[in-house]
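So you can see what is in the structure, the chains are spelled out below.
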There are 2 protein chains.
Amino acid sequence: MKHIEYLLPEEIEKRSFEIIEEELGRLGIRLAAEEADITKRVIHTSADFDYAKTLVYSENAVPILKDFIRNGADIVTDTNMALAGINKKKLAGFGGAAHCFMADGEVAREAKQRHVTRAAVSMERAAKLGKPTIFAIGNAPTALLRLYELASEGNFRPSFVIGVPVGFVNVEAAKERMMETDIPYIINVGRKGGSNVAAAICNAALYAL
Amino acid sequence: MKHIEYLLPEEIEKRSFEIIEEELGRLGIRLAAEEADITKRVIHTSADFDYAKTLVYSENAVPILKDFIRNGADIVTDTNMALAGINKKKLAGFGGAAHCFMADGEVAREAKQRHVTRAAVSMERAAKLGKPTIFAIGNAPTALLRLYELASEGNFRPSFVIGVPVGFVNVEAAKERMMETDIPYIINVGRKGGSNVAAAICNAALYAL
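First things first, this report covers the structure right here in the doc. Treat the numbers as computed from the prediction; the structure is a model and nothing was measured. (Residues numbered from 1 in each chain as written. Chains lettered and ligands numbered in written order. Predicted model: local features only at pLDDT ≥ 70, side-chain atom pairs only at ≥ 80, totals over all residues. Heavy atoms only, no water.)

1. Some thoughts on the overall build of chain A
And step 1. Tallying secondary structure elements over chain A gives 11 helices and 6 strands in all.
And step 2. Over its C-alpha atoms chain A spans a radius of gyration of 17 Å, differing by no more than 12% from the 17 Å that the globule rule assigns to 209 residues.
And step 3. The dimensions of chain A, computed from C-alpha atoms along their principal axes, are 55 × 35 × 35 Å.
And step 4. Of all 209 residues assigned to chain A, the portion counted as buried reaches 55%.
And step 5. As presented, chain A carries roughly 9,000 Å² of accessible surface, and 48% of it is formed by carbon and sulfur atoms.
And step 6. The positive charge centre, built from 26 side chains, and the negative charge centre, built from 27, are 3 Å apart in chain A. (Helix = DSSP H or I, 4+ residues; strand = E, 2+ residues; numbered from the N terminus. Rg over C-alpha atoms; globule rule 2.2 N^0.38 Å. Buried < 20%, exposed > 50% of the residue type's maximum accessible area, 1.4 Å probe, protein only. Areas by Shrake-Rupley, 256 points an atom, 1.4 Å probe, with all protein chains shown as cover. Lys, Arg positive; Asp, Glu negative; His and termini not counted. Charge placed at Lys NZ, Arg CZ, Asp CG, Glu CD.)

Shown next as C-alpha cells:
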C-alpha cells in the first residue's frame, strides 16, 4: 500500500512539480525554459508525460501569449468546463474577460438551422468581440477549423490559438491546418488534449505573469 | 496532411465511438458489457486508451450507480470544472442536483484556519446534504481521503464514489484506501484521472438511463 505524505495544502503543488521535474529528468526530457511552466502544468493536470513531446509552440509563443494577457486580451473557450477552469479573477486583473458561447440559445438555434456545430457558430460569435482574443480550444475540432477558415478568408484574425481539442474525428487535421497559418499558437499534436489542458495552459501563463 | 471528414454534428460522436471500438479491438481489449459505455466515454474525453486497463469497477458498480441516479441521488464534485461538465439537466430529470462547494467562502476560511485543503472541508459540507450522494472526485486526493476517513469513523457513508483524482502526491494512496472500503466505486488506479474524466463517467451513466 502506498504511504500518505502529510503535507500542508500549499506544499502539495510544490511537491507535485518537483516530482514532475524529477521524472522528466529520468525520461531525459529537457524543456525549453520559456515553455517549461506551461508544459509542466499540463502534465500536472493530466499526469500524462506524453505532453512533454507533443505540445508544439510557435516561435516566441509564450512571450506573445503573455503580452496579450498583460494587455487585457479576452479568452474564448469552446466548453463551459474550460471556462470554469480558467482563473478568471487573475485574468480580470489584467483587464481581460473569459467567455464561452456554447450554452447560448441563439448559437444553438443557428447551428441547428445551418447543420454545423455549435462550436463553429460560437467562434463566429467570438470573432465579433471587437478586441484582441485568445482562443482556448480544448474540445471541438470544428471550432479550430472554423477559426482557420475565418482567418483564411481574411475577415478575422485570432490573436492567439491554444489548440488542444481531443478526439478521433478531424482533430489531427484541424490542428495541422492551424499550424500552417501565421497565427501564434500552442498546439498539442495528435488526438490528445481536453478542456482541462486548455485551462491549464491559460492558467500557467497567468500564474507566470 | 490528414484529410477532413465532412460529417453532420450528430454523426461526429457516433463515428468517434466506432473508432474507439475498432482501436480497442486492435489492442485486443474486451470491455465488460456493463462497463463499456463508461470506459468508452472516458476514452472519448481523453483519447487515452490506458483507461481501458486502469478503470476499476467494484462489483455491480454500474447498475448500483444507475439506480442511485434513477432514484434522485445528488452528485458532489471537487471542482467547478467537473460540475460544469456534468449534464445537470439530465440529472435534474431524475430529481438529482449537482454541487461543488470549492468556491464557497466559508469552506475556504475554515480550510485555512484548520490547515487542511478546501477539498477536505467540501466533503464535510457534502456529508450534511442529508440525501443519497454520489461523489465525483476528479482532482483532489484529499477529498477522497476525507471521504475515506468519514466513512471509517462511521459517521457518514457516501452512496457511491467515482474516484479519479489526478496527480503525483497521495493520489494513488487515496485510491487504494477507498478501494478497501465496501462503498461501491469506479476508480482509476494510478496517477491519471481528472475533472473531465469524472464528468465523463457521470454523463455516461446518465446517457445510458
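2. Describing the sheet that holds strand β1 (residues 55–57) of chain A
Residues and elements named next belong to chain A.
And step 1. Strand order in this open sheet of 6 strands is β1-β6-β5-β4-β2-β3, and the pairing throughout is mixed. Taken across any chain shown, the strands that pair with only one partner, and hence form the sheet edges, are β1 and β3 (98–100). Averaged over all pairs of adjacent strands, the angle between strand axes in this sheet comes to 20°, irrespective of strand direction.
And step 2. Across 3 bridges, strand β5 (residues 160–163) lies against strand β6 (residues 185–188) in parallel orientation. Bridging from a neighbouring strand, G163 pairs with I187 of β6.
And step 3. Relative to β6, helix α10 (residues 171–180) is tilted by about 155°, and along the sheet it contacts β1, β5 and β6. (Pairing = 2+ DSSP bridges. Axes fitted to C-alpha atoms, helices over the stretch in contact; angles between N-to-C directions. Contact = heavy atoms within 4.5 Å.)

3. Observations regarding the packing of helix α2 (residues 33–46) of chain B against helix α4 (residues 61–70) of chain B
Residues and elements named next belong to chain B.
And step 1. Interaxial distance between α2 and α4 falls to 8 Å at its minimum, and their mutual angle equals 70°. Here α2 lies roughly perpendicular to α4, going by the angle between them. For the pair formed by α2 and α4, the contact residues are E34, E35 and I38 on the first element and V62, P63 and L65 on the second. (Parallel < 35°, antiparallel > 145°, perpendicular 65-115°, else oblique.)

4. Here's the deal with the environment of H99 of chain B
Residue and element names in this part refer to chain B.
And step 1. Tracing the backbone shows H99 in strand β3 (residues 98–100).
And step 2. With 60 residues separating them along the chain, H99 and S159 place their C-alpha atoms 15 Å apart.
And step 3. Not counting residues within four places of it along the chain, the set of residues in contact with H99 comprises D74, I75, V76, T77, L83 and L129.
And step 4. Side chain to side chain, H99 and D74 meet in a polar contact 2.8 Å long. (Polar contact = N/O pair within 3.5 Å; in protein donor to acceptor, adjacent residues only side chain to side chain.)

5. Brief notes about the relation of the copies chain B and chain A
The operation linking the two copies of the chain is a rotation about an axis combined with a translation along the axis.
And step 1. Expressed as a screw transformation, the operator carrying chain B onto chain A has a rotation angle of 180° and an axial translation of 0.0 Å, and the superposed copies differ by an RMSD of 0.0 Å. Taken together, the rotation angle and the small translation identify this as a two-fold axis. When each C-alpha of chain B is compared by its distance to the rotation axis, M81 of chain B comes out closest, at 2.4 Å.
And step 2. Looking at the interface residues of chain B, 100% of them are also at the interface in chain A, so both copies use one shared face. (Least-squares fit on C-alpha atoms with pLDDT ≥ 70 in both.)

6. Comments concerning the pairing of β5 of chain A
All names here are of chain A.
And step 1. Because side chains alternate across β5, one face comprises the buried residues F160 and I162, and the other comprises V161 and G163, equally buried.
And step 2. Bridge count for strand β4 (residues 133–137) against β5 is 4 bridges, and the pairing is parallel. Within β5, the residue paired with I134 across the bridge is F160.
And step 3. The parallel pair β4 and β5 is bridged by helix α9 (residues 141–152), and the resulting crossover is right-handed.
And step 4. Between β5 and its parallel partner β6, the chain crosses via α10, and the hand of that crossover is right-handed. (Right-handed = clockwise from strand over helix to strand, strands pointing away.)

Read these as layout, nothing more, since geometry by itself doesn't imply function.
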